[in-house]
Amino acid sequence: MESQEAGVQKLVTRTIALINLLFFGRLGDFSKDVPATIEASTPAEIRQRLTTDHPTLGKELSEPQVLVSVNQMIVSWDQPLADGSEVAFLPPVTGG
Amino acid sequence: MNRIRIQTHDFDLAQEYHQLRELSSTVGAVVTFTGLVRDFELDASIDSLSLQHYPGMTETLLQEIVDQANKRWQLIGSTVIHRVGELLPRDQIVFVGVASQHRADAFEAAQFIMDYLKTKATFWKQVSQDGQQHWVESKDADNDAASRWDSTDD
C-alpha cells in the first residue's frame, strides 16, 4: 500500500518533462542562445518560458503560421509532453 | 513502387524516367516534373541557395503525400527526389515522376504531389544575395495551389 501511494505521488509530481528543442528555418536565427533542453509540460508553456528570456524569439513563435511538432508529428500547442520528447518549431515551409 | 529520396547530390532525369518506364508493361504514361534553382528571388539576383530540412519528419511527410496520391489516382509508381544543402542557380532541386496506365492520373498526381510538397514538407530555403543571407518567405500562390486539392479531400 505504501509503495502504491509513492507511485501515485510520483505520477502527480511528474507533470514537468525535460524536452529537447529544435528550431528550423528563420527561427534558428533567433534561437542561438537558447539551451538545447527545457523543462515544460506543453509546447505553449515552452513558448511562454522562451518569451520571458528571449522576447524576439517569443514574438516569432507567436506568429500564427508557426507550427509545432512533438517527436516529428504536428500537434496542438496544448499537447502534454513526456520526458525526452523532441519539440520542434516550424516556420512556413519553402521547399520545392 | 514508390521511392522517396532526400540527397545532396544531383539526379539524372533520363535515369529516373527510365526506372518509372520500366516498372511494368502496363505503364502507359509517365509524367515528370523537375524544379530548378532560379537565379533571382524577389527581383534580386541570388548567388546561391541553401536548403535545410527536418530529417525523419520530411521523409514521413513525403510518404504521406505519396500515399494520398495513390488513394486518389490509379498509379503504378512514383519517385520523389529533393536535394538539400548548398545549391547554385540552374541546379536541379526537386524531381517528381509518376507512372500510370493513363495520362490523366499521372498528370494530376504529379501536380498534387508537387503542390503538397511545397506547402507541407519540412524544407526551408535560404538564399545568399550580395553576401547577405536570408530565409525565403512562403508564397500565397503556393498555398492557393495546394488548397485547390483540399476541397476534394477524401
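Residues numbered from 1 in each chain as written. Chains lettered and ligands numbered in written order. Predicted model: local features only at pLDDT ≥ 70, side-chain atom pairs only at ≥ 80, totals over all residues. Heavy atoms only, no water.

(A) Up close: the overall build of chain A. For chain A, the count of helices and strands is 4 helices and 5 strands. Each helix and strand of chain A, ordered N terminal to C terminal, gives the series α-β-α-β-α-α-β-β-β. For chain A, buried positions account for 40% of its 96 residues. Contacts in chain A between residues far apart in sequence, at least 24 positions, make up 53% of those at least 6 positions apart. In the structure as shown, chain A presents an accessible area of about 5,600 Å², 54% of it carried by carbon and sulfur atoms. (Helix = DSSP H or I, 4+ residues; strand = E, 2+ residues; numbered from the N terminus. Buried < 20%, exposed > 50% of the residue type's maximum accessible area, 1.4 Å probe, protein only. Contact = heavy atoms within 4.5 Å. Areas by Shrake-Rupley, 256 points an atom, 1.4 Å probe, with all protein chains shown as cover.)

(B) A look at the sheet that holds strand β6 (residues 77-83) of chain B. All names here are of chain B. Strand order in the open sheet made by the 4 strands is β1-β6-β8-β2, with mixed pairing throughout. Each edge of the open sheet carries a strand with a single partner, namely β1 (2-7) and β2 (29-36). With direction set aside, neighbouring strand axes in the sheet form an average angle of 5°. Where β2 meets strand β8 (residues 92-100), 8 bridges bridge the pair, whose relative direction is antiparallel. In the sheet register, Gly35 faces β8, and the bridge partner there is Val94. Against the sheet, helix α2 (residues 57-72) engages β1 and β6, with an angle of about 150° to β1. Along the sheet, helix α3 (residues 103-120) contacts β2, β6 and β8; its crossing angle with β8, the most-contacted strand, is approximately 145°. (Pairing = 2+ DSSP bridges. Axes fitted to C-alpha atoms, helices over the stretch in contact; angles between N-to-C directions.)

(C) Seen up close, the packing of aromatic side chains. Inspection of every chain in the model, using the stated rule, returns 9 aromatic pairs over all chains. Put simply, the rings of B:Trp73, B:Phe112, B:Tyr116 and B:Trp149 pair up and form one aromatic cluster. Over the face of the ring belonging to A:Trp77 we find A:Arg47, whose NZ or CZ atom lies 3.9 Å from the ring centre. Across the ring face of B:Phe40, the terminal group of B:Arg38 is positioned such that the distance to the ring centre comes to 5.5 Å. (Phe/Tyr/Trp six-rings, centres within 6.5 Å; stacked < 30°, edge-to-face > 60°. Lys NZ or Arg CZ within 6 Å of the ring centre and 35° of its normal.)

(D) Local environment of the interface of chain B and chain A. Taken together, the contact between chain B and chain A spans 23 residues of the former and 19 residues of the latter. Our count for the contact surface shared by chain B and chain A stands at 1 salt bridge. The partner of B:Glu137 in a salt bridge is A:Arg26, with the nearest N and O atoms 3.7 Å apart. In this structure, the connection of chain B to chain A is made through 12 residue pairs in polar contact (both at pLDDT 80 or more). Examining the composition of the side of chain B that touches chain A, we find that 5 residues originate from one element, α3(B), more than from any other. Considering only residue class, the side of chain B that touches chain A consists of 12 nonpolar, 7 polar and 4 charged. (Salt bridge = Lys/Arg side-chain N within 4 Å of Asp/Glu carboxyl O. Polar contact = N/O pair within 3.5 Å; in protein donor to acceptor, adjacent residues only side chain to side chain. Nonpolar A, V, L, I, M, F, W, Y, C, P; charged D, E, K, R; others polar.)

(E) Broad picture of unusual backbone geometry. All names here are of chain A. Positive phi values are uncommon outside glycine, yet Asn71 reaches one of about 50°. For Asn71, the position within the fold is in the loop between β3 (67-70) and β4 (73-75). For Asn71, a relative accessible area of 45% gives the class partly exposed. Positive phi, normally seen in glycine, also occurs at Gln72, with a value near 70°. By the element assignment, Gln72 lies in the loop between β3 and β4. Look at Gln72 and you get partly exposed, because its relative accessible area is 24%.

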